[in-house]
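Listed here are the chains, written in short residue letters.
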Amino acid sequence: MKKQWWHNKVAYQIYPKSFNDSNDDGIGDIPGIIQKLDYLKDLGIDIIWISPFYCSPLADQGYDISDYYNIDPVFGTMDDFDDLLAETARRDMHVVLDLVVNHCSDEHEWFKKACQDPDGRYGKYFYIEDWHEGEPLPCNWRSYFGGPVWDLLPGHTDKIYLHVFHKKQPDLNWENPEVREDVYKMINWWLDKGVSGFRIDAIMNIKKKLPFYNMPADREDGMCATSKMLEEAEGVDIFLNEMADRTFKPHNAFSVGEVFNEKPDALPSIIGDDGYFSSMFDFAETILNKTDEGWYTQQPVTPEQYKEACFGSQKRAGNIGFLSNIIENHDEPRGVSHYIPEGDCCDASKKMLGGLNYMLRGLPFIYQGQELGMENVNFQDISQINDISTLDEYQVALDAGLSPEKALKVVSHFSRDNARTPIPWDDSENGGFTKGTPWLMMNPTFKEINAASQVGVEGSMFEWYKELIALRKNPAYEDALIYGETVPYLPEQKNLMAYIRKGENQKVLVIGNFQREPQTMVLPGTVKSVLMNNLDQLSQTGDTLQLEGYQFVILELN
Ligand code: GLC
Ligand code: CA
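Residues numbered from 1 in each chain as written. Chains lettered and ligands numbered in written order. Predicted model: local features only at pLDDT ≥ 70, side-chain atom pairs only at ≥ 80, totals over all residues. Heavy atoms only, no water.

**Considering the nonpolar core**
- In this structure, Ile 48, Phe 81, Trp 190, Phe 198, Met 243 and Phe 248 are the most contacted members of the largest nonpolar core, which totals 139 residues.
- Residue contacts for Phe 248: discarding those within four places in its chain leaves Leu 99, Ile 187, Leu 191, Phe 198, Ile 200, Met 243, Ala 253, Ser 255, Tyr 276 and Phe 277.
- Of all hydrophobic cores here, the second largest spans 20 residues; its members include Trp 131, Trp 150, Ala 202 and Phe 212. (Core = buried A, V, L, I, M, F, W, Y, C linked by side-chain atoms within 4.5 Å. Buried < 20%, exposed > 50% of the residue type's maximum accessible area, 1.4 Å probe, protein only. Contact = heavy atoms within 4.5 Å.)

Laid out in structure tokens, this is it:
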């Protein structure tokens, strides 16, 4: 594996709408990000990935872009963005943007022109089909946010267009070379401006299996998840190699794909030395226990499942390349509420989860608020939820016969809005996020869980993350912690997640007791030093450790 400039870096995801509001309109913005760069620098962050801030009707919170070349006024101006680039560069930090090119917004001029003249140039930018009332649709794929992927083309009664996400997110037709040219031009425009790279949204969806066809229904609605079609679609790598050759590679840019449903042996072509992306997210943990039916049938993740998923991914990636490791993002519930068994979420278990994930091989991404130990919201009413996918899953649960209370409880656990509540900077009104009305409710825990009560406070979650980051970035441990392989240790020991990061000349053992009860563990060798410990004590008798519930330690071995 070739060494890359970003291998020893640490990344942080900003969801701009909820990060920091500088002008008190209730919505986070770019000047708000600039105000917090010192906070991020202090934490140890090198790369920030900012979720979309381009012009957008915000039907899917910015993942529906109506102008790729401009900043939405709610987030600021291009001058603000230029300031952000200058301010990050000054702090030796990198900016990574979100690249959303499977679809644009139905308010993008391309789509408006397509509606005006479906047979003209821009009609070919989308998937538009003839259709008459009463006829079957071209295929029975279900959109990710519910309902068929087809909708009537605005202004027409005999034409429909494809959207695998929301109907306000028409899919771009990547088979059309003109679309690809326009996308590459836009990517290069941002790279030339000085951004260091992109996180690439929903990218595997750009290759459809054509012609459109029906798949066996996986729910009573007679439809089938679009993701099943992706498993059959061939040739996405042709587009993605072309994109990389025309954009990322000539700029030596960093790229991280939101990749689901890749083909079994595809990893080298994606993240290998000549892969089309620098890295891709490891979603093995986030997809655990997902079902065809929907959230209402999804079971909690057990520690054993979590461990297996992590080790599976580490093995799969091997020496091919770096995965990007996450506990959560803006599409997930808060990791501490999702992976720690119910009732056990506390400082120790949160630190354990953070440490276990963080020390895996790959590029760590921290999602805003994770460093503060933010938890899920206990939503009391469906009206508190804004996210379109949650509203869809709520309806799915009701349709399956759940009572409104039960349906709310289900979606409250999985809702993307859990991670989207504004960041509490202190314990003042609205957690200091805004003096206006926050666009989404604050997590009611903000009086206890906020940045001001943690920064510089010994034993806090923030300081814990800071220590984890500093350890991984310490050149003395690069051999093991950046480039060392991950060797699972005692993988069969229940609710113990332990692994050795094995460098050429260095061995670091990472141990988490993933349960409330204490347990003992036999060491594989002698301990040179204790690098981190989430509790005050560590008891050892001979070659055996007595771990407390949720104890987490990092040991350097001789
Ligand atoms: C990705 C984004 C998600 C968005 C979807 C459609 O999965 O992370 O937030 O809803 O793509 O763009
Ligand atoms: Ca604002």
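Having seen the structure, we can now continue with the description.
**With respect to the coordination of the calcium ion (ligand 2)**
- Around the calcium ion (ligand 2), the protein contributes the donor atoms Asp 21 (OD), Asn 23 (OD1), Asp 25 (OD), Ile 27 (O) and Asp 29 (OD), at 2.2 to 2.3 Å from the metal centre.
- Mapped onto the sequence, the donors of the calcium ion (ligand 2) take the spacing D-x1-N-x1-D-x1-I-x1-D.
- Residue Asp 29 is classed as buried on the basis of its relative accessible area, which comes to 2%. (Donors = N, O, S within 2.8 Å, 3.2 Å for Na, K, Ca; no water.)

**What to know about the sheet that holds strand E19 (residues 519–522)**
- The strand order across the open sheet formed by 3 strands is E19-E22-E21, and the pairing between neighbours is antiparallel. Two strands bound the open sheet, and with one partner strand each, they are E19 and strand E21 (539–541). When the angles between neighbouring strand axes are averaged without regard to direction, this sheet yields 25°.
- As judged from the 4 bridges shared by E19 and strand E22 (residues 544–547), these two strands associate in the antiparallel manner. (Pairing = 2+ DSSP bridges. Helix = DSSP H or I, 4+ residues; strand = E, 2+ residues; numbered from the N terminus. Axes fitted to C-alpha atoms, helices over the stretch in contact; angles between N-to-C directions.)

**Thoughts on helix H9 (residues 303–317)**
- Counted at 1.5 Å a residue, the expected span for H9 with its 15 residues is 21 Å, and the 21 Å between its end C-alpha atoms agrees.
- Residues Pro 303, Tyr 306, Lys 307, Ala 309, Cys 310, Phe 311, Ser 313, Gln 314 and Ala 317 constitute the buried set of H9.
- Taken together, the buried residues of H9 touch helix H8 (267–271), strand E14 (323–325), helix H10 (335–339), helix H11 (347–358), strand E16 (485–489) and strand E17 (496–502).
- Gly 318 sits one or two residues past H9 and shows a positive phi near 40°. (Expected span 1.5 Å × (residues − 1).)

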